[in-house]
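Summary of structural features
Single-letter residue listing:
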Amino acid sequence: MVGKGAKGMLNGAVPSEATKKDQNLKRGNWGNQIEFVLTSVGYAVGLGNVWRFPYLCYRNGGGAFMFPYFIMLIFCGIPLFFMELSFGQFASQGCLGVWRISPMFKGVGYGMMVVSTYIGIYYNVVICIAFYYFFSSMTHVLPWAYCNNPWNTPDCTGVLDASNLTNGSRPATLPSNLSHLLNHSLQRTSPSEEYWRRYVLKLSDDIGNFGEVRMPLLGCLGVSWVVVFLCLIRGVKSSGKVVYFTATFPYVVLTILFVRGVTLEGAFTGIMYYLTPQWDKILEAKVWGDAASQIFYSLGCAWGGLITMASYNKFHNNCYRDSIIISITNCATSVYAGFVIFSILGFMANHLGVDVSRVADHGPGLAFVAYPEALTLLPISPLWSLLFFFMLILLGLGTQFCLLETLVTAIVDEVGNEWILKKKTYVTLGVAVAGFLLGIPLTSQAGIYWLLLMDNYAASFSLVVISCIMCVSIMYIYGKRPSFRPPMSQPLACPCHPAGPLSPPLSRASELLPGHPDDAGVPTAPLLPDLLALCLSSYHLSPGSGPPWSPPESSSLQASPGAECAPPPAPTATGSPEAW
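Note that this is a predicted model, so its numbers are computed, not measured.

Let's shift gears to the overall build of the protein. A count of helices and strands for the protein gives 23 helices and zero strands. Sequence-distant contacts, at least 24 apart, represent 83% of the contacts inside the protein between residues at least 6 apart. For the protein, the computed accessible surface area is about 22,700 Å², with 66% contributed by carbon and sulfur atoms.

Below, the structure written as C-alpha cells:
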C-alpha cells in the first residue's frame, strides 16, 4: 500500500522534494512554471488585443467602454479564469476528460472543442495575412506608401509626397491641400486601405461571390500551419521553449510604435477620442454585451485552452497567483495597444479631414490598414514593417499553439490508450492538415466576409453561454449535492469512507484550502479556492476512468446515496510517500 501511495504522488511535487521533476510520465509537465505563465500570456494576448479591442472601443463610445470592460474583468473574467486553471490543474485532463466529474455535461467540453476549432481555422488565416505583409515588406519602398500603383483609384490620398519616391526611408513633406481635395470627393481613401482591399484581398462585392482563391494567401496559410505544427511537434515540451521569445518580443515593438505614434500630428485627438467617455453608450445593452464578449474572447475563457494548459501543471502549483498575473497582463496589453492604435487613427483623421471613427475599417482591417499607414512615416520604414508584422505573427502563433494543443490533448485524453499516447505527433499532424484544408475557402476573394462571420458568432456570446453552463455544472450539480454521482460505469468514491484509505490526491486537495502553502511557500487565497477544493475533494474517479493517480481496484469505493462526507484529514508534516 505504501508503494501504491507513493505512485499516486507522482503527479506533482511534494513539500519534502528538493526539486520539482517531470514525473507525470504519461502526459508530461511543463519544464518550469515560467513556461506555463508565458504560454498562458501568449494564449491570452493575441491578435484580438491589437485589432478587436480598439475597434470595440471606438464603436462603443471610446473611453466609456472601459467601465463595462473592467467591471466584466473583475466579476466575470478573473473568477472564471481561475476556475478553469484550478479545474484543469486538479484533474490533469483536457477539456473533454475533465467532464468525468459529471458525464451528462460532457457536451460543454465538446462545445469548447467546437469553439476552438472555429477560432483555430480563421485565426491562422489572419496569421497568414500577416505573413503576406511580412514578405511584402522585403522591399526598398513599401507597396502601400503611395497612390501611384496599378490598383489605386483616383480617390486615393497618401500622407507622403510623391517627390520622395526615390527615397523610401525618409518621411516626405505632408501635403497641405488635402482639405481642399476632400471638397471634391467624400470617398477619399488611404493607399494602405486600397492595398488591403484591392490588392491583398481583391475583395468581391458579395459574401456569396467567392471568386478565385488568392494563391499568395494560400501559400502563406500553408507556411503558418507548418510553423504551428513544428512548434508543437513535441507538445508542451517544444512549445514551452518557443514562448520565451513569442510572448515577450511583441511588447518591444509595441513600445517603439507607441513612442513614434504619440509624436505624430493629430495623435492627441485620437487618444482623446479613445479616453473621452460617451456616457450615453453605457445605457446600451450592446455595449455591455461587447464588453463581456471581449473579456471571454481575450482571456480565452470557455475555449478549453486554459483547462488544457493547466492540466500540464504540477498539482500544487499556485494557480491563483498565475491567474491574477495573466489576467491583468492581458487586459493591460489591450489598453496599451489601444493607445498605439488611436494615436495613429488620430494622425490619419487629421490629414484626411474626417472623424476618427471613419478612418479605418473594422476587424482585421484595422491592423492591416491603420498600422501599415503609420509604418510608412517611420525612418527606414521597410525595416519597421518587417518588425511589426513579425510581431503580429508572434502574437497570433502564441494563441494558435494553445488552440491546436487543446484539440490534440482532448482527442488523446479521450482515447487514452498507450497507442495514441505514442502517436500524439501524428494526431497533431492530422489536426493541422484538417485545419489547413478548412481554411482554404477563407483565402478566396470573399474569404474575409466569412472570417468576420465566424469571428462574430463563433467566439462572442457563445463563450458566455458555455461559461455559464460550466459554472452551474461544477458548483451546483457536481459540488452542491454530495449524493449526486454519474452512472455506475464511473462510480465515485467518498474520501471519508471507513472501508479503505484515502487516495493521495484527495488528501492533497486539502492543501488548496486557505492557510496551506503551495510548493513555493505562498499560501493559497480564500474565496473560490475554498469552494473548488471542497467540491473536487468530495469525490474521486474510479480506476481506469480517471487520472494516473486513481486508487487501485481493491480500494475503489462508492459513496452511498445521501452520505455526508467530512473534510479529508490534513497531510502529515513530512508529506513523504511513507505517510500513506
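The subject of this paragraph is the packing of aromatic side chains. Inspection of the entire model under this criterion finds 36 aromatic pairs. Plain terms: the ring middles of Y69 and F70 are 5.4 Å apart, the flat faces sit at 80 degrees to each other, and that makes the pair edge-to-face. For F70, a relative accessible area of 34% puts it in the partly exposed group. Arranged with centres 5.2 Å apart and planes meeting at 80 degrees, the rings of F82 and Y320 form a pair that is edge-to-face.

Right, let's talk about the packing of helix α9 (residues 215-231) against helix α19 (residues 424-439) for a bit. For the pair α9 and α19, interaxial distance at closest approach is 10 Å and the crossing angle is 160 degrees. Put simply, α9 runs roughly antiparallel to α19. You can see that α9 and α19 cross each other, and the crossing is right-handed. Here α9 contributes L218, L221, G222, W225 and F229 to the contact with α19, which in turn contributes T425, T428, L429, A432, G435, F436 and G439.

On to the pattern of salt bridges. For the structure on display, the rule yields seven salt bridges. Its salt-bridge partner being K241, residue E35 comes within 2.9 Å of it at the nearest N-O pair. Taken together, the residues span a long stretch of sequence, with E35 in helix α2 (residues 33-44) and K241 in helix α10 (residues 236-246) at a distance of 206 residues. Here K106 and E414 are joined by a salt bridge, their closest N and O atoms 2.4 Å apart. Placement of the pair is K106 in helix α6 (residues 106-136) and E414 in helix α17 (residues 381-415), with a sequence separation of 308 residues. Among the residues examined, E414 registers a relative accessible area of 30% and is labelled partly exposed.

Moving on to the UniProt feature "binding site: Na(+) 2" (unreviewed entry) in the protein. As annotated in UniProt, the feature "binding site: Na(+) 2" (unreviewed entry) corresponds to A44 and N49 in the numbering used here. With respect to the secondary-structure elements, A44 resides in helix α2. Filtering out sequence-adjacent residues up to four positions away, A44 remains in contact with N49, S298, L299, I326 and N330. Here N49 lies in helix α3 (residues 48-51).

This part is about unusual backbone geometry. Unusually for a residue other than glycine, K202 sits at a positive phi of about 45 degrees. The residue K202 is located in the loop between α8 (191-200) and α9 in this model. Unlike most non-glycine residues, A302 shows phi in positive territory, near 70 degrees. Its location among the elements puts A302 in the loop between α13 (285-299) and α14 (305-310). Overall, A302 belongs to the buried group, its relative accessible area being 0%.

Another point: the state of the cysteines. Going through the model one piece at a time under the given rule, you end up with one disulfide. Disulfide partner of C147: C156, at an S-S distance of 1.9 Å. One disulfide, between C147 and C156, carries an S-S torsion of -65 degrees and so falls in the left-handed class. For the unlinked cysteine C76, the closest cysteine sulfur is that of C468, found at 7.8 Å. Between C220, a free cysteine, and C128, which holds the nearest cysteine sulfur, the sulfur-to-sulfur gap is 6.0 Å.

The end-to-end C-alpha separation of α2 is 17 Å, in line with the 16 Å expected for twelve residues at 1.5 Å each. Among the twelve residues that make up α2, eleven are buried, leaving the element largely enclosed by the rest of the structure. Among the residues making up α2, those that are buried are Q33, E35, F36, V37, L38, T39, S40, V41, G42, Y43 and A44.

If you look at the biggest cluster of nonpolar residues, it comprises 149 residues, and the most contacted ones within it are Y133, F368 and L392. Examining the composition of this core, we find that 18 residues originate from one element, α6, more than from any other. Look past the residues within four positions of F368 in its chain and what remains in contact with it is V126, I129, A130, Y133, S192, W196, F389 and L392.

Parts of the prediction with low pLDDT should not have their coordinates interpreted in detail. Averaged over every residue, the pLDDT of the protein is 75; residues scoring 70 or more account for 72%. With pLDDT under 50 throughout, residues 1-22 is counted as low confidence; its partners more than four residues away or in other chains account for 49 contacts. Contacts from residues 161-186, a stretch scored under 50 in pLDDT, to residues over four places away or in other chains number 38 contacts.

Residues I207, F210, W450, L453 and Y457 make up a contiguous nonpolar surface patch of roughly 460 Å² in combined accessible area. Considering the arrangement of structural elements, one finds Y457 in helix α20 (residues 447-458). On the accessibility criterion, Y457 (61% relative accessible area) is exposed.

Along the chain, M83 turns up in helix α5 (residues 66-91). Of the residues examined, M83 reaches a relative accessible area of 3% and is grouped as buried. C-alpha separation for the pair M83 and I474, spaced 391 residues apart in sequence, amounts to 9.6 Å.

Look at α6 against α8: their axes get within 13 Å of each other, and the N-to-C directions meet at 110 degrees. One way to sum up the angle between α6 and α8 is to call them roughly perpendicular. Residues I129, Y132, Y133 and S136 of α6 pack against Y195, W196, Y199 and V200 of α8.

Quick look at α8 now. Extensive coverage of α8 is indicated by the burial of seven of its ten residues. Of all the residues in α8, the buried ones are P191, S192, E193, E194, Y195, W196 and V200. Structurally, α8 contributes buried residues whose contacts are with α6, α9, α16 (364-375) and α20. One or two positions beyond α8, positive phi appears at K202, with a value near 45 degrees.

Thresholds, definitions, all that
- Residues numbered from 1 in each chain as written.
- Predicted model: local features only at pLDDT ≥ 70, side-chain atom pairs only at ≥ 80, totals over all residues.
- Heavy atoms only, no water.
- Helix = DSSP H or I, 4+ residues; strand = E, 2+ residues; numbered from the N terminus.
- Contact = heavy atoms within 4.5 Å.
- Areas by Shrake-Rupley, 256 points an atom, 1.4 Å probe, with all protein chains shown as cover.
- Phe/Tyr/Trp six-rings, centres within 6.5 Å; stacked < 30°, edge-to-face > 60°.
- Buried < 20%, exposed > 50% of the residue type's maximum accessible area, 1.4 Å probe, protein only.
- Axes fitted to C-alpha atoms, helices over the stretch in contact; angles between N-to-C directions.
- Parallel < 35°, antiparallel > 145°, perpendicular 65-115°, else oblique.
- Left-handed = near helix turned anticlockwise from the far one by under 90°.
- Salt bridge = Lys/Arg side-chain N within 4 Å of Asp/Glu carboxyl O.
- UniProt positions renumbered as here; feature names shortened; annotations may be inferred.
- Disulfide = S-S within 2.5 Å.
- Expected span 1.5 Å × (residues − 1).
- Core = buried A, V, L, I, M, F, W, Y, C linked by side-chain atoms within 4.5 Å.
- pLDDT = per-residue confidence, 0-100.
- Patch = residues over 30% accessible without salt bridge, like charges linked within 9 Å, V, L, I, M, F, W, Y side chains within 5 Å.

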